[in-house]
Amino acid sequence: MADCLFCGIAAGEIPATIVSANPRTVAFRDINPQAPVHVLVIPRAHHPNLAELAAVDGALLSDLVAHARDVALAEGITDSGYRIVFNTGPEAGQTVGHVHAHVLGGRPMSWPPG
Ligand code: AMP
Ligand code: ZN
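Residues numbered from 1 in each chain as written. Chains lettered and ligands numbered in written order. Predicted model: local features only at pLDDT ≥ 70, side-chain atom pairs only at ≥ 80, totals over all residues. Heavy atoms only, no water.

Visitor: Just checking my understanding: could you explain the packing of aromatic side chains for this structure?
Guide: Two descriptors summarise a pair of aromatic rings, namely the distance from one centre to the other and the angle between the planes of the rings. The final tally for this structure, using the stated rule, is 1 aromatic pair. When the centroid spacing of 5.3 Å and the interplanar angle of 75 degrees are considered together, the rings of Phe6 and Phe28 count as edge-to-face. Of this pair, Phe6 sits in helix 1 (residues 5-10) while Phe28 sits in strand 2 (residues 25-29), and the two are 22 residues apart along the sequence. (Phe/Tyr/Trp six-rings, centres within 6.5 Å; stacked < 30°, edge-to-face > 60°. Helix = DSSP H or I, 4+ residues; strand = E, 2+ residues; numbered from the N terminus.)

Visitor: What is the right way to read the site of ligand 1 from this model?
Guide: In the vicinity of ligand 1 lie 16 residues, with Asp30, Asn87, Gly93, Thr95 and His102 positioned nearest. With respect to ligand 1, the backbone of Ile31 contributes an N or O atom lying 3.1 Å from a nitrogen atom. Side-chain polar atom of His100 to an oxygen atom of ligand 1: 3.0 Å apart, as the coordinates give it. Contact with the protein chains covers 83% of the free accessible surface of ligand 1, which is 510 Å². Listed by contribution, the elements that provide at least two residues to the shell around ligand 1 are helix 1 and strand 2. For the shell around ligand 1, the element with the highest residue contribution is helix 1, accounting for 3 residues. Taken together, the residues of the shell around ligand 1 break down into 7 nonpolar, 7 polar and 2 charged. (Near = heavy atom within 4 Å. Polar contact = N/O pair within 3.5 Å; in protein donor to acceptor, adjacent residues only side chain to side chain. Areas by Shrake-Rupley, 256 points an atom, 1.4 Å probe, with all protein chains shown as cover. Nonpolar A, V, L, I, M, F, W, Y, C, P; charged D, E, K, R; others polar.)

Visitor: Help me understand the coordination of the zinc ion (ligand 2) in this model?
Guide: Within the protein, the atoms that donate to the zinc ion (ligand 2) are Cys4 (SG), Cys7 (SG), His46 (ND1) and His98 (ND1), at distances of 2.0 to 2.3 Å. Considering all 4 donor atoms around the zinc ion (ligand 2), the spread of angles at the metal, 107 to 114 degrees, places the coordination shape in the tetrahedral class. Mapping the donors of the zinc ion (ligand 2) onto the primary sequence gives the spacing C-x2-C-x38-H-x51-H. Note that Cys7 is positioned in helix 1 and His98 in the loop between strand 4 (82-85) and strand 5 (101-105), a separation of 91 residues in sequence. Neither Cys7 nor His98 differs from the other in exposure class; each is buried. (Donors = N, O, S within 2.8 Å, 3.2 Å for Na, K, Ca; no water. Tetrahedral: all angles 85-135°; square planar, octahedral: opposite > 155°, others 65-115°. Buried < 20%, exposed > 50% of the residue type's maximum accessible area, 1.4 Å probe, protein only.)

Visitor: I'm lost on unusual backbone geometry in this one. Help?
Guide: Working note: non-glycine residues mostly have negative phi, and peptide bonds are mostly trans. Residue Pro112 is reached from Trp111 by a cis peptide bond, and omega for that bond is 0 degrees. Positioned with a positive phi, Asp3 is a non-glycine residue whose angle comes to about 65 degrees. When you line up the elements, Asp3 lands in the segment before helix 1.

Structure (C-alpha cells):
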C-alpha cells in the first residue's frame, strides 16, 4: 500500500534493522525500544490490524505468530518469558496502520500495562 511505512520496510525501500525475514513475514528492531528485546514482526502484505488480518487470512496470522516465536528463540528470551502485543486502534496506542506484533522481553514486566 502506498504511503505505508511498514510496507516500505517490507519492500526494502525504507531502512530498518532486519532480524529475520521469510517470504511472508519480516522481523525488525523497533526504532524506539521499550525493552532490551523489542522486535516488530509484520506480514509483507498490508492488513490494517490484527482483527482484520484474522478475518481474511488466518494462515498468515499463524505464520506471523510462528515468526514471533522464532524471534523469541533467537533472542534467547523463550525461557525467561516475553510478551507479544498487537496494539489495535487509537486508545491502545496503535500508530502504524499495518498490523505488527511487538515481541518484548529481556526484563521483568508489570501487569496490567499502563
Ligand atoms: P504501535 O504504536 O503499536 O503502532 O507501534 C509502532 C511501533 O513502530 C512503535 O513502537 C515505533 O517505535 C515503531 N517504529 C516507528 N517507525 C519505525 C521505523 N522506521 N523502524 C522501526 N520501528 C519503527
Ligand atoms: Zn502496509
